[in-house]
Amino acid sequence: MKYLFFLILLMASFCDAAPPAVFDLDNAALLSKDCEGCHGTDGVSQGTVIPNLAGAHRKFLFDTMKKYQSGKYLSTVMQPIAKAYTDQELKLIAAYYAIKSPVAAIQPFNAALVAQGKKYHQKYCKKCHGSDKEINDDEASQLAGQWTGFLEMSLLDIKKGNHPVPRKMDKRLKRLLARHGNKAMASLLAYYASQQGQKDAK
Amino acid sequence: MPNNQRRQFIKKILGTSAAVLSAPTLNAAISHKKVVIIGGGSGGATAAKYLKRADPSIEVTLISAKPLYTTCFMSNEVFSGDRTLESLQFNYQSLKSRGVRVVIDWVSRIDPDKKQVITQNGQSFAYDRCIVATGIDFKWQDIAGYSQAAAEQIPHAWQAGSQTTLLANQLKAMKDGGVVAISVPPKPYRCHPAPFERATQIAMYLKRHKPKSKIIIFDANTKMPMQAHFEHIWRKNYGYQTEQAMIEWRNGADESGIVEIDIKQKRLTTAFEDIETADVINLIPAQKAAQIALETGLTDQSNWCPVDLMSLESTRIPFIHVIGDSAKLDILPKTAYAANSQAKVCALAIASLFKGKTPDIPLYMNSCYAVLAKDYAVSSVNIYKLAKNKIELINVSGGITPLDSSPRIFQREVNFSHNWYRNITTDIFN
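Everything numeric in this text was worked out from a predicted model, so none of it was measured.

Here we take up the nonpolar core. If you look at the biggest cluster of nonpolar residues, it comprises 192 residues, and the most contacted ones within it are Y146, I215, W234 and W420 of chain B. With 11 residues, helix α9 (residues 336–354) of chain B is the largest single contributor of residues to this core.

The next point concerns the packing of helix α1 (residues 25–32) of chain A against helix α5 (residues 87–98) of chain A. All names here are of chain A. Orientation of α1 relative to α5, taken along the N-to-C sense of each, is 100 degrees, at an axis distance of 9 Å. As far as their axial angle goes, α5 and α1 are roughly perpendicular. For the pair α1 and α5, the contacting residues are L25, N27, A28, A29, L31 and S32 in the first and E89, L92, I93, Y96 and Y97 in the second. A per-class count over the contact of α1 with α5 returns 8 nonpolar, 2 polar and 1 charged.

Moving on to the packing of aromatic side chains. Residue and element names in this part refer to chain B. Scanning the entire structure with this criterion turns up 16 aromatic pairs over all chains. Ring geometry for W234 versus Y240: centroids 5.2 Å apart, planes at 65 degrees, classification edge-to-face. By way of ring pairs, the aromatic residues Y69, F73, F90, Y92, Y369, W420, Y421 and F429 are connected into one cluster. Geometry around F319 places K115 over its ring, the cationic atom sitting 3.8 Å from the centre.

A few words on the environment of T46 of chain B. Residue and element names in this part refer to chain B. Looking at the secondary structure, you find T46 in helix α2 (residues 42–54). For T46, a relative accessible area of 0% corresponds to the buried category. Each C-alpha atom, one on T46 and one on S75, is 20 Å from the other, the two residues being 29 residues apart in sequence. The contacts of T46, once residues within four sequence positions are left out, are G41, N340, A343, K344 and I428.

Attention now goes to the pattern of salt bridges. On inspection of all chains with the given rule, the structure shows 24 salt bridges over all chains. Close ionic contact of D34 of chain A with K33 of chain A constitutes a salt bridge, the shortest N to O distance being 2.7 Å. Accessibility assignment for this pair places D34 of chain A and K33 of chain A in one class, buried. R250 of chain B is the salt-bridge partner of E248 of chain B, the closest N and O atoms lying 2.7 Å from each other. Here the salt bridges do not stand alone but share partners, grouping K214, E248, R250 and E276 of chain B into one network.

Turning our attention to a negative patch on the surface. Residues D254, E255, E273 and D274 of chain B make up a contiguous surface patch of negative charge. Considering the arrangement of structural elements, one finds E273 of chain B in the loop between β15 (267–270) and β16 (275–277).

All names here are of chain B. Here we have 3 strands laid out as an open sheet, ordered β22-β23-β24, and antiparallel in their pairing. The open sheet has two free edges, formed respectively by β22 (363–373) and β24 (393–400), since each of these has just one partner strand. Shown here is a sheet whose adjacent strand axes are inclined to one another by a mean of 15 degrees, direction ignored. With 10 bridges joining them, β22 and strand β23 (residues 376–386) adopt antiparallel strand pairing. Note on β23: the bridge partner recorded for L363 is K385. Across the sheet, helix α7 (residues 227–238) is in contact with β22, β23 and β24; its angle to β22 comes to roughly 10 degrees.

So, about the sheet that holds strand β6 (residues 107–111) of chain B. Paired through their backbone hydrogen bonds, the strands of a sheet run either parallel or antiparallel. Residues and elements named next belong to chain B. Taken in spatial order, the 3 strands make up an open sheet running β6-β7-β8, and their pairing is antiparallel. Both outer strands of the open sheet, β6 and β8 (124–126), are each paired with one neighbouring strand and no more. Neighbour to neighbour, the strand axes of the sheet diverge by 20 degrees on average, direction disregarded. Sheet topology note: the β6/strand β7 (residues 116–119) ladder contains 4 bridges and is antiparallel.

Our focus in this paragraph is α7 of chain B. Owing to its 3.6 residues per turn, the α-helix brings residues three or four apart onto one side. Within α7 of chain B, burial applies to H229, F230, E231, I233, W234 and Y238 of chain B. Looking one or two places after α7 of chain B, you find G239 of chain B, whose phi comes out positive at around 60 degrees.

Within the secondary structure, K118 of chain A is located in helix α6 (residues 111–129). Through-space distance from the C-alpha of K118 of chain A to that of Y191 of chain A is 5.8 Å; in sequence the pair is 73 residues apart.

Attention shifts here to the confidence of the model for chain B. Residue and element names in this part refer to chain B. On average, chain B scores 94 in pLDDT, and the residues at 70 or more come to 93%. Predicted confidence is poor over residues 1–28, with pLDDT under 50, and the contacts of this stretch with residues over four places away or in other chains come to 35 contacts. Predicted complex metrics record ipTM = 0.90 and pTM = 0.92.

This brings us to the pairing of β22 of chain B. Of all 11 residues in β22 of chain B, 11 are buried, a share of seventy percent or more. A loop of 2 residues connects β22 of chain B with β23 of chain B, the two strands running antiparallel in sequence.

With that settled, the discussion passes to the packing of α6 of chain A against helix α9 (residues 183–194) of chain A. All names here are of chain A. The interhelical angle for the contact between α6 and α9, taken along N-to-C directions, is 100 degrees, at an axis separation of 7 Å. On the basis of their axis angle, the class for α6 and α9 is roughly perpendicular. Counting all contacts with α6, which are made through L113, V114, Q116, G117, K118, Y120, H121 and C125, the residues of α9 involved are K183, A184, A186, S187, L188, A190, Y191, Y192 and S194. For the contact of α6 with α9, the class distribution of residues is 10 nonpolar, 5 polar and 2 charged.

Cut-offs used in this document
Residues numbered from 1 in each chain as written. Chains lettered and ligands numbered in written order. Predicted model: local features only at pLDDT ≥ 70, side-chain atom pairs only at ≥ 80, totals over all residues. Heavy atoms only, no water. Core = buried A, V, L, I, M, F, W, Y, C linked by side-chain atoms within 4.5 Å. Buried < 20%, exposed > 50% of the residue type's maximum accessible area, 1.4 Å probe, protein only. Helix = DSSP H or I, 4+ residues; strand = E, 2+ residues; numbered from the N terminus. Axes fitted to C-alpha atoms, helices over the stretch in contact; angles between N-to-C directions. Parallel < 35°, antiparallel > 145°, perpendicular 65-115°, else oblique. Contact = heavy atoms within 4.5 Å. Nonpolar A, V, L, I, M, F, W, Y, C, P; charged D, E, K, R; others polar. Phe/Tyr/Trp six-rings, centres within 6.5 Å; stacked < 30°, edge-to-face > 60°. Lys NZ or Arg CZ within 6 Å of the ring centre and 35° of its normal. Salt bridge = Lys/Arg side-chain N within 4 Å of Asp/Glu carboxyl O. Patch = residues over 30% accessible without salt bridge, like charges linked within 9 Å, V, L, I, M, F, W, Y side chains within 5 Å. Areas by Shrake-Rupley, 256 points an atom, 1.4 Å probe, with all protein chains shown as cover. Lys, Arg positive; Asp, Glu negative; His and termini not counted. Charge placed at Lys NZ, Arg CZ, Asp CG, Glu CD. Pairing = 2+ DSSP bridges. pLDDT = per-residue confidence, 0-100.

Structure, rendered in structure tokens:
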């Protein structure tokens, strides 16, 4: 597939804000190449605080870059990086990582918390973040198989108001913490970290 | 279409397209294009990997002087004791498994007319395109009394490996109350913040084990990068600018660059003719493109190699590309990340050129971290795009960690820097 210049046609329908359904793979690879020094070849990070990009939804990736660009999300390097690219370029980069196969992080987790974490996930998170064999919402990040260090950091930012999330998530997160305390978070993280199989990662 | 189905569907189109489109290439039985890469560091190894990824039919030969590469980036952590030299070493097994032919030899000559690379062991390699990724060399003669042989006693440690070990051992052998001198050459040199990060990492070690000791930095320049951060940490942890300062910075404003050394007496002379002796000296000489680049005629009067920004092809000799520290890209710093970025631009451009296609317009990035304490690191990132004339680079965006960031952010930068190292080295060597 790398021999020739060709267009990839995606049959799925997208709204206007979404990254392109038709794009030049060579150009997208060239634009994305500098993400990989930090996020890993093909967007597969060695962890534990820099997230995997491979297989993330393209609308999620694009939206995230726009939020870094505007400073809505707390960051150090990500804001200047996001500012360097035009919307068109960001859409190509997002489309490029969306077609990569996700690779689950191989990392330690507390096995004793996994079953409870799965229950919390099903009640509070699954609707948008999918579960092991279901799909993610277009706008939600992939949690299964993501690096725990990164998820922990993001949760802390969300709690401190440095990483605004949709109201529906904010409400659910607060309810989860009010009912079950901080241990609920540890359980959720253990559950996501436990999803290391190929199927689970998707 | 749901995400997983969509992915399956894409795989199907890609699979079919690849099968149909590559068939004529196989039948045509044309000879494969050859690329010879000189140098197995950040630039060379990345270029080999990304050429194979872009087009597996390209015959890629990588010639490296050593079977094991030791990264200079992150090597300052060896001096504080936070890292071993082994953790900085990488081999070429993964590149071999990608189909790269790895040759351990020293290149003695490039013949641009015959398009051949000749090694010390008498091997010759024909190329359609050659990539020179040979890093830096030193202008030994700029410091009277210093030489490559003298570096076996007075290390530069600006190429990692035995030089790093030598300096670390000298620090270990030094008495408490000793003086460590670090000389910083005029710009441009490899990784501008690194001498100051090194001073800080050495100070971490001295404070723990030899607290009466002192570090004097002799800097040929008047400003240091990330200056506010370095001075903040030095004030906080090392009494900077007080009587008891563990770190002192003498700079170009006082003509404090080192111009002469007496190896036996361990005595340094500055441009202003101040004389200072030290117990351990880390003498970092001024730098230039690697000798092979100079001998081939790839350099201009600056002693660096001018290149075309679209493909990193030399503007002096066709079919030879220069990437990494040896390349002259003015505002792009000489760092591993920038070399990695250039290597990808070069590899993708060469793959396009072999297909008869004009390369797409590239961009370049540098991203790096300096670790100043267990809980304090500073990031620096810059993105460069081509100007309309395609012969100049514009720094379109960039920045460093804001000085007023919270402790949580500085701790995070330490975690990011170590994750950065794992990912960049995997991207280069695996």
